[in-house]
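Listed here are the chains, written in short residue letters.
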Amino acid sequence: MSTVAKAISLLEVLGSGAPEAALADIAKVAGFDKATTRRLLVSLIAQGLVEQDETTRFYRLGAGLTRLALMREAQFPFLRMAAPVVEALAAETGETVHLSEYSKRGLITVQVIESTKANRVSVQPGDVLPMHATASGIAFLAFTEERIREGILARPLPAFTPHTIDNVETLVEHVAAARARGHSTGSQGYEEGVLSVASAILGADGFAIGTIAIAAPRVRIHKGDIERHGASVAAAAREIGERLFGRLPGQKRA
């Protein structure tokens, strides 16, 4: 693993647990020795990406990450353009709605509006969603470039629940169905008791750059709900794409 990759892994450790952590705990989770971990943290502190409390000596993510995020958002305002649509869809459906963006690391959750109902699905910002086991992943595969899709289909398909799609043939069928419908459905593939509906957000070239999904407890969703949510999530995905790039050639509003 390169030095850069090791440093990034420390940022991920700090971002996935408690707000602050001790050196020994960070090293243990990252799988590095304490000397290596300390050296990397010192470098990250110098760049403002990590901070250390002077009293407790605990480490936390630094404000420099916010600066980088704002720079990225200024150049490509994905979250800013999508946020009002995500909020409106959550209000309309009363269920958890989450937005994901694709990068080489995978399909990463960047915004979540959780349902206000007591029985609700919880999704964490920063989650990397498995392509074969989630409605979001299948929706993305339906509209991504062929080279990306083939690369993902060539990977192992680990089972997260007894309902996870774990063979390529079945996955290809689900992807084709999602492309024909304009949205995907996923039932308990990643977490038991959860049903999701998702649609791909298309870039200027017509290929998926991310997804928007509705996730709800399976016991609360019926056939009519799936069809209604599917239409709503597809419309939301189109609106986000239009906010970013304008209407694509040949695209019609439902």
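For the structure, check the block above.
A short tour of the structure in this document, coming up. Bear in mind the structure is a predicted one, so any value in this text is a computation, not a measurement.

**With respect to the packing of aromatic side chains**
Move 1: Enumeration over the complete set of coordinates arrives at two aromatic pairs.
Move 2: For the ring pair Tyr102 and Phe140, a centre distance of 4.5 Å and an interplane angle of 25° mean the geometry is stacked. Taken together, the positions of Tyr102 in strand E3 (residues 96-103) and Phe140 in helix H6 (residues 135-143) put the pair 38 residues apart, joining distant regions of the chain.
Move 3: Under the relative-accessibility criterion, Tyr102 is labelled partly exposed at 25%.
Move 4: Centre to centre, the rings of Phe160 and Tyr190 are 4.9 Å apart; their planes meet at 90°, and the pair counts as edge-to-face.

**Topic: the layout of surface pockets**
Move 1: If you add up the space inside the largest pocket, you get close to 1300 Å³.
Move 2: Taken together, 25 residues form the lining of the largest pocket, with Ala69, Arg105, Ile108, Val110 and Gly126 sitting closest to its centre.
Move 3: Contributing elements (two or more residues each) for the lining of the largest pocket: helix H1 (3-16), helix H4 (64-75), helix H5 (78-93), E3 and strand E4 (106-113).
Move 4: By residue class, the composition of the lining of the largest pocket is 15 nonpolar, five polar and five charged.

**Topic: the environment of Phe160**
Move 1: As for its placement among the helices and strands, Phe160 is situated in the loop between helix H7 (146-153) and helix H8 (168-181).
Move 2: Along the backbone, Phe160 and Pro130 are 30 residues apart, and their C-alpha atoms lie at a distance of 9.6 Å.
Move 3: Discounting residues that sit within four places of it in the chain, Phe160 has contacts with Pro130, His132, Ala133, Gly189 and Tyr190.

**Focus: the nonpolar core**
Move 1: Counting 21 residues, the largest nonpolar core has Leu89, Val97, Leu99, Ile201, Ile212 and Ile240 as its most contacted members.
Move 2: Per-element tally for this core: the top contributor is H5, with six residues.
Move 3: If we skip the residues at most four places from it in the chain, Ile240 touches Ala82, Val85, Leu99, Ile201 and Ile212.
Move 4: One finds Phe140, Phe143, Ala178 and Ala208 within the second-largest nonpolar core, a separate group that totals 19 residues.

**Looking at the packing of helix H2 (residues 23-30) against helix H3 (residues 34-46)**
Move 1: Two elements in contact, H2 and H3, have axes separated by 9 Å at closest approach and are oriented at 105°. Taken as axis vectors, H2 and H3 run roughly perpendicular relative to one another. Judged by residue contacts, Leu23, Ile26 and Ala27 of H2 engage Lys34, Thr37, Arg38 and Leu41 from H3.
Move 2: Its residues placed into classes, the contact of H2 with H3 shows four nonpolar, one polar and two charged.

**Some points on unusual backbone geometry**
Move 1: Its identity as a non-glycine residue notwithstanding, Arg57 has a phi of 70°, on the positive side.
Move 2: Considering the arrangement of structural elements, one finds Arg57 in the loop between strand E1 (50-52) and strand E2 (59-61).
Move 3: A residue is classified by how much of its surface remains accessible, and Arg57, at 46% relative accessible area, is partly exposed.
Move 4: Phi angles above zero are rare outside glycine, and Gln188 is one such case at about 65°.
Move 5: Tracing the sequence through the fold places Gln188 in the loop between strand E6 (184-187) and strand E7 (194-202).

**Re the pairing of E3**
Move 1: Of all the eight residues making up E3, six are buried; the element is thus mostly covered by neighbouring parts of the structure.
Move 2: Strand direction decides the pairing type here: E3 and strand E8 (residues 208-217), joined by six bridges, are antiparallel. Opposite His98, over in E8, you have Ala213 as the bridge partner.
Move 3: Across seven bridges, the pairing between E3 and E4 is antiparallel. In the strand pairing of E4, Leu99 is matched with Gln111.
Move 4: Linkage of E3 to E4, two consecutive antiparallel strands, is achieved through a turn of two residues.

**Digging into the pattern of salt bridges**
Move 1: As enumerated under the stated definition, the model contains 10 salt bridges in all.
Move 2: Ionic pairing is found between Arg220 and Glu95, a salt bridge with its closest N-O pair at 2.6 Å. Here Arg220 is found in the loop between E8 and helix H9 (223-245), whereas its partner Glu95 is found in the loop between H5 and E3, with 125 residues between them in sequence.
Move 3: One salt bridge connects Glu239 with Arg243, and the closest N-O pair in it is separated by 3.4 Å. On the criterion of helical spacing, the pair formed by Glu239 and Arg243 is a turn pair, its members being four residues apart in helix H9.
Move 4: Judged by relative accessible area, which is 32%, Glu239 ranks as partly exposed.

Cut-offs used in this document
- Residues numbered from 1 in each chain as written.
- Predicted model: local features only at pLDDT ≥ 70, side-chain atom pairs only at ≥ 80, totals over all residues.
- Heavy atoms only, no water.
- Phe/Tyr/Trp six-rings, centres within 6.5 Å; stacked < 30°, edge-to-face > 60°.
- Helix = DSSP H or I, 4+ residues; strand = E, 2+ residues; numbered from the N terminus.
- Buried < 20%, exposed > 50% of the residue type's maximum accessible area, 1.4 Å probe, protein only.
- 1 Å grid on protein atoms, 1.4 Å probe; cavity = no way out; pocket = protein on both sides within 12 Å on 5 of 7 lines; lining within 4 Å.
- Points joined across faces, edges and corners; volume = space filled by probe spheres on them.
- Nonpolar A, V, L, I, M, F, W, Y, C, P; charged D, E, K, R; others polar.
- Contact = heavy atoms within 4.5 Å.
- Core = buried A, V, L, I, M, F, W, Y, C linked by side-chain atoms within 4.5 Å.
- Axes fitted to C-alpha atoms, helices over the stretch in contact; angles between N-to-C directions.
- Parallel < 35°, antiparallel > 145°, perpendicular 65-115°, else oblique.
- Pairing = 2+ DSSP bridges.
- Salt bridge = Lys/Arg side-chain N within 4 Å of Asp/Glu carboxyl O.

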